[in-house]
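Descriptive structure summary
For reference, the chains in residue letters:
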Amino acid sequence: KQEVTQIPAALSVPEGENLVLNCSFTDSAIYNLQWFRQDPGKGLTSLLLIQSSQREQTSGRLNASLDKSSGRSTLYIAASQPGDSATYLCAVEAAGNKLTFGGGTRVLVKP
Amino acid sequence: SQTIHQWPATLVQPVGSPLSLECTVEGTSNPNLYWYRQAAGRGLQLLFYSVGIGQISSEVPQNLSASRPQDRQFILSSKKLLLSDSGFYLCAWNKGAGRADTQYFGPGTRLTVL
């Protein structure tokens, strides 16, 4: 059974610092890994999707890497801003279009 | 463009009462549809998914059921709510088109069972 873990559970940084969020998964037989953002009381917004054959994806200040063999992904957010404060969730997709989510990392960027 | 709606946004129900949450998707056809629950302090748990009208797969045994009466409508129901049914319910869709197919989430319904 696939298990997804995100460490740390919470993170607080001053504005301008780079953020590094970690995600690990137990079964490397995945189709893709996805990173989402969730604001309090809201739904999830897709940030990046990395296919199993890819090593990384970039979107603006966001960069996500994938090391499938070791079961790890890292989300980097450069030059953090207070608006980046949210919970970040990673999820892996295996057969059947089903996602398994980690518990999330709650990020606070202090102005 | 595609949009996904959920209602109601919030709901407070007594234990033992029935439940009906609705999710609709616009701007696409034959989507895969998903119901998730996010309990306080816990991650998202997949409850049901559907690849077509009348086709429902349940991921965990529970007090809830799902139905898909129309292509872009997904309903989550219960005949008698339990306290443990409280949580944040999220509906999602994707095209089911392959390995680069992200899921798009609705705004969610906050359910409190008292």
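Just so it is clear, the structure is predicted and the values come from calculations on it, not from any experiment.

Observations concerning the pairing of strand E9 (residues 86-94) of chain A
Residues and elements named next belong to chain A. Taken across its 9 residues, E9 has 7 buried, putting it largely inside the fold. Taken together, the 7 bridges between strand E4 (residues 32-38) and E9 define a ladder with antiparallel strand orientation. Looking at E9, one finds that Arg37 is bridged to Tyr88. In the sheet, E9 pairs with strand E11 (residues 105-110) via 3 bridges, with the strands oriented antiparallel. What sits directly across from Tyr88, in E11, is Thr105. Judged from the 4 bridges that link them, E9 and strand E10 (residues 98-101) form a sheet pairing that is antiparallel. Looking at E10, one finds that Val92 is bridged to Thr100. Counted along the chain from E9 to the antiparallel partner E10, the turn is 3 residues long, and its residue Gly96 has a positive phi close to 95°.

Looking at the environment of Asn30 of chain B
Residues and elements named next belong to chain B. With respect to the element layout, Asn30 can be found in the loop between strand E3 (19-26) and strand E4 (32-38). Asn30 sits 24 residues away from Gln6 along the chain, and the two C-alpha atoms are 18 Å apart. Residues within four places of Asn30 in sequence aside, it is in contact with Val51, Gly52, Arg68 and Asp71.

Section: unusual backbone geometry
The omega angle of the peptide bond from Ile7 of chain A to Pro8 of chain A is 0°, so this bond is cis rather than trans. Inspection of the secondary structure puts Pro8 of chain A in the loop between strand E1 (4-7) and strand E2 (10-14). Note that the residue after Trp7 of chain B, namely Pro8 of chain B, is joined by a cis bond; omega there is 0°. Tracing the backbone through its elements, the reader meets Pro8 of chain B in the loop between strand E1 (3-7) and strand E2 (10-13). A positive phi angle, near 45°, is found at Ala79 of chain A, a position not held by glycine. Within the element layout of this structure, Ala79 of chain A appears in the loop between strand E8 (72-77) and E9.

With respect to the environment of Gln57 of chain A
Residues and elements named next belong to chain A. Checked against the element boundaries, Gln57 lands in strand E6 (residues 56-59). Sequence-wise, Gln57 and Pro8 are 49 residues apart; in three dimensions their C-alpha atoms are separated by 22 Å. Residues in contact with Gln57, not counting those within four places in the same chain, are Leu48, Leu49, Ile50, Leu62, Asn63 and Ala64.

What to know about the packing of aromatic side chains
Counted under the stated rule, the structure contains 9 aromatic pairs over all chains. A centroid spacing of 5.4 Å and a plane angle of 40° characterise the contact between Tyr36 of chain B and Phe105 of chain B, whose relative ring orientation is tilted. Taken together, the residues span a long stretch of sequence, with Tyr36 of chain B in strand E4 and Phe105 of chain B in strand E10 (residues 104-105) at a distance of 69 residues. Note on accessibility: Tyr36 of chain B and Phe105 of chain B belong to one class, buried. Put simply, the rings of Phe36 and Phe101 of chain A together with Tyr34, Tyr36, Tyr49 and Phe105 of chain B touch in pairs and so form one group of aromatic residues.

Conventions adopted
Residues numbered from 1 in each chain as written. Chains lettered and ligands numbered in written order. Predicted model: local features only at pLDDT ≥ 70, side-chain atom pairs only at ≥ 80, totals over all residues. Heavy atoms only, no water. Buried < 20%, exposed > 50% of the residue type's maximum accessible area, 1.4 Å probe, protein only. Helix = DSSP H or I, 4+ residues; strand = E, 2+ residues; numbered from the N terminus. Pairing = 2+ DSSP bridges. Contact = heavy atoms within 4.5 Å. Phe/Tyr/Trp six-rings, centres within 6.5 Å; stacked < 30°, edge-to-face > 60°.

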